[in-house]
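Fold and geometry: a report
The primary structure of each chain is shown beneath.
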Amino acid sequence: MNKPNVLIVEDEEAILEMIALNLHNNNFKPYRAINAEIAEQVLKTQKIDLIILDWMLPGMSGIDFLKRIRIATNTSKLPVIMLTAKDQESDKVLGLDYGADDYLSKPFSPKELIARIKAILRRNSPDLVDEKIKYGNLIIDSENHVTTYKDILIKLGPTEFKLLYLLLANRQRVMTRERIVEKIWTNETEVDSRTVDVHIKRLRATLKDYGVSPSIETIRSAGYKISEESYFE
Ligand code: CA
């Protein structure tokens, strides 16, 4: 799976590097910015999944940058964890009021930060964090790229694998074709949503060969959803 991209906005180099190292060691891809202006440039060119934002920054403050992030349509829902040296309850409230998803006071343990990041991503983009999903007798392991059903190895093409993983990671939700395209063909611009239908068809056929049917529901004029877990028993 793609590593989640995390942007760190922090002017203190030691802290910036400490966070970056911990992100790297926990399978995240860190992006660094020492001020809001640089962070804004990174947001324009990279697909960022979460921001760690320091409150005290030279130039535009963290809280002002957070306001901007929330106003801009493409980043309005981007998860943000605020960092601050101030240990004041009022700042925490202010940060959360302006739409921070979580808050950590310095000094914090890197372990705690990673746990918070994972908790937020699990809520917002479960496909980015879960490494192994068990659904009935189906097990899909994104780390080792292995899928089994009743302990039998299922051979899936790379796209079908990603598709199944995505549907399972979002098992409570309907995935639109647009969202599937966005999540699977991240770097390609010209992917027709019909392409999704082709791969869904292939995936269904493979699962049917292994005795799983129905495996994926078509939700009219919306998209696709993984079938009830009982079908995978
Ligand atoms: Ca700072």
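One structure accompanies this document, and this report is about it. As the structure is a prediction and not an experimental result, all values here were calculated from the model.

Cut-offs applied
- What you see as residue numbers is a count from 1 along each chain, following the sequence as written.
- Restriction of local features to residues with pLDDT of at least 70 applies here, the model being predicted, together with a cutoff of 80 or more for giving and counting side-chain atom pairs; totals for whole chains, interfaces and linings are based on all residues.
- The basis for every side-chain value is the complete set of heavy atoms in the structure, and neither hydrogens nor water enter the calculation.
- A fitted line through C-alpha atoms serves as each axis, taken over the contacting stretch for helices, and the angle formed by two N-to-C directions is quoted from 0 to 180°.
- Each helix is a run of H or I in the DSSP string that is no shorter than four residues. Each strand is a run of E no shorter than two, and both are numbered from the N terminus.
- The cut-offs work like this: below 35 degrees is roughly parallel, past 145 is roughly antiparallel, 65 to 115 is roughly perpendicular, and the gaps in between are oblique.
- Contact between two residues is taken to exist if any of their heavy atoms lie within 4.5 Å; hydrogens are not considered.
- Under the convention adopted here, Pro, Cys and the residues Ala, Val, Leu, Ile, Met, Phe, Trp and Tyr are nonpolar, Asp, Glu, Lys and Arg are charged, and Gly plus all remaining residues are polar.
- Distances up to 2.8 Å from the metal define which N, O and S atoms are donors, and 3.2 Å serves for Na, K and Ca; water is absent from the atom set, so sites may look incomplete.
- When a residue's accessible area, from a 1.4 Å probe over protein chains only, is under 20% of the maximum for its type it is buried; when over 50% it is exposed; and in between it is partly exposed.
- Strands are treated as partners if at least two bridges between them are detected by DSSP.

It is at 9 Å that the axes of helix 6 (residues 158-169) and helix 8 (residues 193-209) come closest, and there the two elements cross at 85°. By the angle between their directions, the pair helix 6 and helix 8 is classed as roughly perpendicular. Residues Thr159, Glu160, Leu163, Leu164 and Leu167 of helix 6 pack against His199, Ile200, Arg202, Leu203 and Leu207 of helix 8. Grouping the constituent residues of the contact of helix 6 with helix 8 by class yields 6 nonpolar, 2 polar and 2 charged.

Moving on, we get to the coordination of the calcium ion. For the calcium ion, the full set of protein donor atoms is Glu10 (OE), Asp11 (OD), Asp54 (OD) and Met56 (O), at a range of 2.1 to 3.2 Å. Its relative accessible area of 32% is what places Asp11 among the partly exposed residues.

What follows covers the sheet that holds strand 4 (residues 80-84). Paired through backbone hydrogen bonds, the strands of a sheet run either parallel or antiparallel to each other. Read across the sheet, 5 strands follow the order 2-1-3-4-5 without closing on themselves; strand pairing throughout is parallel. A strand with exactly one partner marks an edge of an open sheet, and here the two such strands are strand 2 (29-33) and strand 5 (102-105). The average undirected angle you get between the axes of adjacent strands in this sheet is 20°. In terms of strand pairing, strand 1 (residues 5-9) meets strand 3 (residues 50-54) through 4 bridges, oriented parallel. Residue Val6 lies in a different strand from strand 3, and its bridge partner there is Leu50. With respect to the sheet, helix 1 (residues 13-25) is in contact with strand 1, strand 2, strand 3 and strand 4, its orientation differing from that of strand 2 by roughly 165°. Contacts between helix 5 (residues 110-124) and the sheet are confined to strand 3, strand 4 and strand 5, with strand 5 contributing the most and set at about 175° to the helix.

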